[in-house]
Amino acid sequence: MYSTKYVKARDIDDAVKALKSADDGKFLAGGMTLIPTLKQRLANPDCLVDLSACGLSSIDDEGSAIRIGAMTRHVDVAESALVQKAIPALTHLAAHIGDRQVRNRGTIGGSLANNDPAACYPAALLALGGTVHTQSRSIAAEDYFDGMFETALEEDEIIHAVSLPKPEKAAYVKFPNPASRYAMVGVFVAKFADGVRVAVTGAGEDGVFRAHDLEAALNANFSADAIADGMVSSDGLMSDIHASADYRAHLIGEMTRRAVNACT
Amino acid sequence: MPEGIASQGIGASVRRKEDRRFLIGKGKYTDDINRAGQLHVYFLRSPVAFADIVSIDKERAEKASGVIAILTGEDVAADNLGGPICGWAPTNKDGSAPSEPPHPILANGRVRYVGDHVAAVFAETLEEATSAAELIDVVYSEMPAITDLKTAMDQPQIHDGMEQNTYFDWELGNEAAVNDAFDRAETIVNVHIRNNRVIPNAMEPRAAVAEYDKGDARYTLFTTSQNPQLTRLVIGAFMLNIPESKLRVVAPDVGGGFGSKIYVYPEEAVCVWASKKLGRAIKWTADRTQAFLGDAHGRDHISEVKLALDKNKKIIGLRVDTLANLGAYLSAFAMVTPTYLHGTLLSGVYDIPAIYTNVKGICTNTVNVDAYRGAGRPEATYLLERTMDVAAKQVGMDPAEFRRLNFIPKDAFPYQTALALQYDVGDYEPLLDRAMAMIDYKNFESRRAKSAKDGKCRGIGISTYIEACGIAPSAVVGALGGRVGLYESAIVRVEPTGTISVLTGTHSHGQGHDTTFAQLVCDKLGVDIEAVEIVHGDSDRTAFGMGTYGSRSLAVGGTAISKALDKVIAKGKIIAAHMLEADDADIEFKDGKFTVAGTDREKSFGEIALSAYVPHNFPHDRLEPGLEETAFYDPANFTYPAGTHIAEVEIDPSTGVVELVDWVCCDDFGNLINPMVVEGQVHGGIAQGVGQALYEEAAYDDNGQLLSASYMDYCMPRADNFPSLKVQNLVTACTHNDLGVKGCGEAGAIASPPALINAVVNALSPLGVTDITMPATPEKVWRAIQDAQTKAAE
Ligand SMILES: Cc1cc2nc3c(=O)[nH]c(=O)nc-3n(C[C@H](O)[C@H](O)[C@H](O)COP(=O)(O)OP(=O)(O)OC[C@H]3O[C@@H](n4cnc5c(N)ncnc54)[C@H](O)[C@@H]3O)c2cc1C
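Note that the structure is predicted; figures quoted are calculated from it, not measured. (Residues numbered from 1 in each chain as written. Chains lettered and ligands numbered in written order. Predicted model: local features only at pLDDT ≥ 70, side-chain atom pairs only at ≥ 80, totals over all residues. Heavy atoms only, no water.)

1. Considerations on the interface of chain A and chain B
Next up, step 1: Each partner contributes residues to the interface: chain A has 22 residues there, and chain B has 24 residues.
Next up, step 2: Of the roughly 1,800 Å² buried at the junction of chain A and chain B (both faces included), carbon and sulfur atoms supply 49%.
Next up, step 3: Our enumeration of links across chain A and chain B arrives at four salt bridges.
Next up, step 4: Applying the counting rule to chain A against chain B returns 17 residue pairs in polar contact (both at pLDDT 80 or more).
Next up, step 5: For the side of chain A that touches chain B, the leading source of residues is helix 11 (residues 245–262) of chain A, giving seven residues. (Contact = heavy atoms within 4.5 Å. Buried area = accessible area lost by both parts, 1.4 Å probe. Salt bridge = Lys/Arg side-chain N within 4 Å of Asp/Glu carboxyl O. Polar contact = N/O pair within 3.5 Å; in protein donor to acceptor, adjacent residues only side chain to side chain. Helix = DSSP H or I, 4+ residues; strand = E, 2+ residues; numbered from the N terminus.)

What follows is the structure in structure tokens.
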């Protein structure tokens, strides 16, 4: 790890100021992704701005949506009665991220800011049609993700919170990568009054994406039978030592079927 | 014997004494050791697999903060240092010696794998050393990497002077007899086997702390070694030219080895060398990435197997041709692992009259491959036990019954195999019967049907293995090209107050020797286990011993302890005779007491110990003071643990995921000293074997980059991958050591991969799948199902 400066921001303004005054600063949330990157010398920020004292940990009911503060840890989402009632699929998702240690530190804001192509939360945000709130604007999920590890966020833009609309029913089913247990394929299916949204993580060369063909099939017939073998093309899917694009395409169909069956 | 002590002796599941210090965080590992004024070393490693080094510019790095020195291959050459050596070199089939290219401890002009050591940077802190390494400018002239085992022989030479990138071309057995068997055969079975490459992944990465004492001109090396005495010999005599007496090697607590900590690697030697050169203690601890890149990998064979059966379905001949990937350099047991530890085991538990094997050891641009838990025997067992299943299917027999038909019968022992080994004792059918009963083999089909109702494919797989361990008779080792003896040493030191220190040449890095070896002492001397201290791992304290690997510690090291204990008792009797004014021959020793036979005159063990050190009226012409005995034990034969493992799996055909639903085994390890420790060893072995069969694969790409160089990509088995393992034992006592023990450390890893893969193939065989390579990943299984279905549809 290169040596770096550490600042614990008092609030969001303070955090933005600290970041602006650094040459190459980074916000620090749970550190579950950022710290290993630093330890391997894959990043060399001159300043870490810790967001933990900025008051961003909260879960609120906003009627048609729930609003989760950026610094809310995975364990807090997994254990929230409010989330369990409003979007049980999200409880399940959060409870299956990494291991206990990771869930006790990792945050929803960190996960969405990082946009790992195998991370789980991006699928939830996209399938639920959520919104990312920063100090300066609100970004719709559709406009937020910008390819692997890339988002619409500006350098000094902090995620405050995300709003996630409550679906009629939803489910997230993850096929874990056997080694890392991130998603090798993760499918989030959400059924709203105005239609079904399906988001896929772990599989796309450009990160999380919506599976419009599957959505169309499920809009016509919301049942696992609606998903036929071969409906998912392997174009644009990742191939690596764990899974080829073909196999990922197959798993997307299979995980979608399972998600439809699991929808609550 | 007093009740309390009986429960600490042989056969008792005594809780592990060493666990107390581990559980309270007081284990003492190499990285816990720090020396005043120590420097940290960072090794700059090659980022490319095969290249000539055009230049190394270290000027900028040398000026960086905290840097004391940067050493490279030129410095190694200038000081005329040697490299790691091979402890065992088999002769080529044409009678010539194998090729043993030099392995400089820092690359000299050429790098041969990603991770090869290019420069050692010494600085006040590890961060400074690491940062400085980034400033070293190395210019490489790259050559195409040679990573494919099948084609490596046809590529340019990785080492000058080698031919066909082949270290050796070795054979064993009677080729003419095997050809004859195939001519006569009713059935010939052909199987292609790939034994995947795996990474040992000891929990504690390798580490070293070296210091040089100017006063007495003596070095000390603390290091993560399975065999500190061998490390001292190799570094002192072969690498750095240090008199053995001037080098102390200490292996304190070591967090697992699985073979990977047998060998001397460049890092440890560089630390020792630099400690004198730079006049400062040197510390190095590998991080996990370095462990992936630099620790010797395991397995990596391709074999063509041919089995000949007569009309009664009895095996009459076996031929195995193997290519073994040994990586870019040879390490200590690299050449013996795929030859004498592999080829000799190909008879398995079967009566096979004619066997021939040819093994070629191949050089590639990958890190070296050497012994890994089981060392050669898992490879032999895997290919044989897979072949047995394929053969059973081909002749239409149940795999259990086909094995039974071909077992070496109980009355055939001692049994001379067609491949040099002579099995002293064994009885294989009861092991098979017990395991089959444990898993309810006969009702398997109803379980298969039940799983099928849930859309799952259920399968069952057997492995009836044998291994040769308790390594090894020195005479045999010597006759087969070994450059070492493989006896073991023990010193039993009875102290004046009756406490006992046992100094063993073996080394415990998870095996529980502090407990099991102490149990031997309790059993023989009738003392409490708390009075016994096991000392290992310090070359200044123990006698020269060969260390721990090859499931040898109890069978060889334990027997040495037993023999030293016998000598202690013999001397105790003479002391007792003197004290009790009786004849030596009239003294009996039982339950911790020396008694004049037929009388109630007795002396306790403690009284004898005290008088040995307070010998006020000893007749010194026939009785020396003191009570300390040494024994060196060289075994008469290998030991031959055997057993049956049966795996049951359930496969989800829609994803290819294999779930292990049941595992039973019945092993014959001879007499058990501590059944709980044995069960733990079996569990760990099975976990590693299942890891190899389902999850683990060291994958290199065509450029020689290790793709699976972190836990994000290298999949280790985890607790939630396992059902509760059912482990039982039967005993045929080893006939040639005092304890009747055989060894259990590797059996699980040897037996389990074929049981698992046989179960997977069995599960999928109704769909037409006939083979699956390790690791049976979800995609591979899913694809095999797809391919079989496509084929069936055609
Ligand atoms: C062993 C392990 C297993 C894991 N398994 C999974 C898994 O199964 N599924 C899964 O989804 N994830 C998994 N993760 C990732 C985990 O969810 C992390 O918590 C997450 O990726 C990052 O969150 P963090 O709070 O730790 O962020 P950090 O590591 O602190 O930050 C990550 C990045 O986001 C930026 N950032 C953080 N917060 C904000 C903010 N509020 N506004 C703007 N930028 C911000 C940081 O500057 C940094 O660039 C795993 C991680 C580990 C270590």
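2. Remarks on the packing of aromatic side chains
All names here are of chain B.
Next up, step 1: Following the criterion strictly, the structure yields 23 aromatic pairs over all chains and no others.
Next up, step 2: Ring centres of Tyr487 and Phe632 lie 6.0 Å apart, and the angle between their planes is 55 degrees; this geometry places the pair in the tilted category. Linking Tyr487 in the loop between helix 14 (474–479) and strand 19 (488–494) with Phe632 in strand 25 (residues 628–633), this pair joins segments that are 145 residues apart in sequence.
Next up, step 3: Ring plane angle 20 degrees and centroid distance 6.5 Å describe the contact between Phe594 and Phe605, whose orientation is recorded as stacked. Of the two residues, Phe594 is situated in strand 23 (residues 593–596) and Phe605 in helix 17 (residues 605–613); the sequence distance between them amounts to eleven residues. Each of the two residues, Phe594 as well as Phe605, counts as buried.
Next up, step 4: Ring pairing ties together the aromatic residues Tyr350, Phe407, Phe413 and Tyr428, which thus form one cluster. (Phe/Tyr/Trp six-rings, centres within 6.5 Å; stacked < 30°, edge-to-face > 60°. Buried < 20%, exposed > 50% of the residue type's maximum accessible area, 1.4 Å probe, protein only.)

3. Some remarks on the pairing of strand 27 (residues 657–668) of chain B
All names here are of chain B.
Next up, step 1: For strand 27, the buried fraction is high: nine of the twelve residues fall into the buried class.
Next up, step 2: Of the strand pairs in this sheet, strand 26 (residues 642–652) and strand 27 are connected by eleven bridges, and their pairing is antiparallel. Note that in strand 27 the partner of Ile646 across the bridge is Val664.
Next up, step 3: Taking the residues that link successive antiparallel strands as the turn, the strand 26-strand 27 hairpin has four residues, and the phi of Gly656 there is positive, at about 85 degrees.
Next up, step 4: Judged from the four bridges that link them, strand 27 and strand 28 (residues 726–729) form a sheet pairing that is parallel. (Pairing = 2+ DSSP bridges.)

4. Re the domain arrangement of chain A
Residue and element names in this part refer to chain A.
Next up, step 1: Segmenting chain A into domains produces domain 1 (5–50), domain 2 (59–165) and domain 3 (169–262).
Next up, step 2: Domain 2 and domain 3 are separated by 19 Å when their C-alpha centres are compared.
Next up, step 3: Each partner contributes to the interface: domain 2 provides 22 residues, whereas domain 3 provides 22 residues.
Next up, step 4: Across the pair Arg210 and Glu142 runs a salt bridge, and its minimum N-O distance is 2.7 Å.
Next up, step 5: Taken together, the connections running from domain 2 to domain 3 amount to nine residue pairs in polar contact (both at pLDDT 80 or more).
Next up, step 6: Mapped onto the side of domain 2 that touches domain 3, the elements with two or more residues apiece are helix 5 (88–95) and helix 8 (121–127).
Next up, step 7: With five residues, the top contributor of residues to the side of domain 2 that touches domain 3 is helix 8.
Next up, step 8: Here the side of domain 2 that touches domain 3 is built from residues that sort into 16 nonpolar, four polar and two charged. (Domains from an automatic or database assignment. Nonpolar A, V, L, I, M, F, W, Y, C, P; charged D, E, K, R; others polar.)

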